[in-house]
Amino acid sequence: MASGQTMAIFTAQMSSPPASNYATLDTRNDHPVLDYDDTTGESSYFQDVLPRNYNGGGLTATIGFSASTATTGNVVWDLSIERIDDSSLDIDADSFASAQSVTAAAPGTSGMVKYATIAFTAGAQMDNLAAGEMYRLKLARNAASGGDTMSGDAEINFLELRET
Amino acid sequence: MAVLSPAQRQAVRSAWAQKLSIDHDPCSLTKLQMQAAVDAADDWAEANAASFNSALPLAARTNLTAAQKAQLLAYVVLKRWGGQL
């Protein structure tokens, strides 16, 4: 049984940038972070293989983020999954499933890391990803959303996937 | 000179937020609240531009361009509050 078990852990250095509007690597007291602007919608990719002990359930992502300057307001995170299965997807074009979102309040104290979760049900939301298959995650800050009210950069410290 | 356009004011807010982010300078304002502050500061600058100009000594008032006068004010204000020149 894999329910509740961690499927993947990503840190800032494990990200890869899109061709444009990418979150930027930074450090905060020597902690590697990814900075997401509060005006331009920026994103990052993370890539892995879903472990063989994945048992067919949904996935829950935990996003650990801090705020470069803000101690108030909300951040809107969008997360989407792209399945790269055997001899099927042409990786020369993106093929992400629809993003799932969370609106998370900024940590009340500067420097603290807030944990926010996004749940994916098995199937279409996960792009029908199966055990042993390669996948990409796209984590974006929806800075244009009216719900994204936090000023300044949002910093990604880690991203964890666990089976729901 | 007229007040900044909405797009220019938004650019100022964004740049200010970036500066605060780079410095990790805590700021408890939302994006909307920051924008309101930028807008008010621009309105104040517009309303008091003539007064600032009149406060300058004659040589500066007659020989500096408007942009240079603005730079002068910016440098003095930044230095007063510990900003980097």
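So, here's what we can say about the structure. Bear in mind that the values here come from a model prediction, so they are computed numbers and not experimental data.

The rules behind these values
In every chain, residue numbers begin from 1 and rise along the written sequence. Each chain is given a letter, starting from A, and each ligand a number, starting from 1, according to the order in which they appear as written. Since the coordinates come from a predicted model, pLDDT governs what is reported: local features require at least 70, and pairs of side-chain atoms require 80 or more to be given and counted, while whole-chain, interface and lining totals use all residues. Calculated side-chain values reflect all of the structure's heavy atoms, with hydrogen atoms and water omitted. In summary, the pairing rule links any two rings of Phe, Tyr or Trp, Trp by its six-membered ring, whose centres are within 6.5 Å, and it sorts them by plane angle into stacked for under 30 degrees, edge-to-face for over 60 and tilted for everything else. Helix and strand assignments follow DSSP, with helices taken as H or I runs no shorter than four residues and strands as E runs no shorter than two, numbered in order from the N terminus. Buried residues are those whose accessible area, probed at 1.4 Å on protein chains only, stays under 20% of the maximum for their type, while exposed residues exceed 50% and partly exposed ones sit between those limits. Here, any two strands with at least 2 DSSP bridges between them count as paired. For every element, the axis is a line fit to its C-alpha atoms; helices are fit only across the contacting stretch, and the angle between N-to-C directions ranges from 0 to 180 degrees. Under the convention used throughout, the expected extent of a helix is 1.5 Å for every residue step, that is, one less than its residue count. The arc in question is traced by the directions running from the helix axis to the C-beta atoms. Any pair of residues with heavy atoms lying within 4.5 Å of one another is described as a contacting pair.

**Concerning the packing of aromatic side chains**
All names here are of chain A. Summed over the entire model, instances satisfying the criterion amount to five aromatic pairs over all chains. Here Phe65 and Trp77 contribute two aromatic rings whose centre-to-centre distance is 5.8 Å and whose plane-to-plane angle is 65°, an arrangement assigned as edge-to-face. One end of the pair, Phe65, is in strand S5 (residues 59–67); the other, Trp77, is in strand S6 (residues 74–84), with twelve residues separating them in the sequence. Taking relative accessible area as the criterion, Trp77 reaches 0% and is therefore assigned buried. With centroids separated by 5.0 Å and ring planes inclined at 70°, the aromatic side chains of Tyr115 and Phe158 adopt a geometry described as edge-to-face.

**Details of the sheet that holds strand S9 (residues 134–141) of chain A**
Residue and element names in this part refer to chain A. One open sheet holds the four strands; their spatial order is S4-S9-S6-S7, and the pairing between them is antiparallel. Looking at which strands have only one partner, the edges of the open sheet turn out to be strand S4 (43–49) and strand S7 (100–105). For this sheet, the mean inter-axis angle between neighbouring strands, taken without regard to orientation, is 20°.

**Looking at helix H1 (residues 6–23) of chain B**
Residue and element names in this part refer to chain B. Taking 1.5 Å as the rise per residue, H1 with 18 residues should run 26 Å; its terminal C-alpha atoms sit 26 Å apart, in good agreement. Residues of H1 that are buried include every one of Arg9, Arg13, Ser14, Ala17, Leu20 and Ser21, and no others. Buried residues in H1, looked at end-on, bunch into an arc of 140°, giving them a common side. Relative to its buried face, H1 has exposed residues pointing more than 90 degrees away, namely Ala7 and Ile22. Tucked into the core, H1 has its buried residues touching helix H2 (31–55). One or two positions beyond H1, positive phi appears at His24, with a value near 50°.

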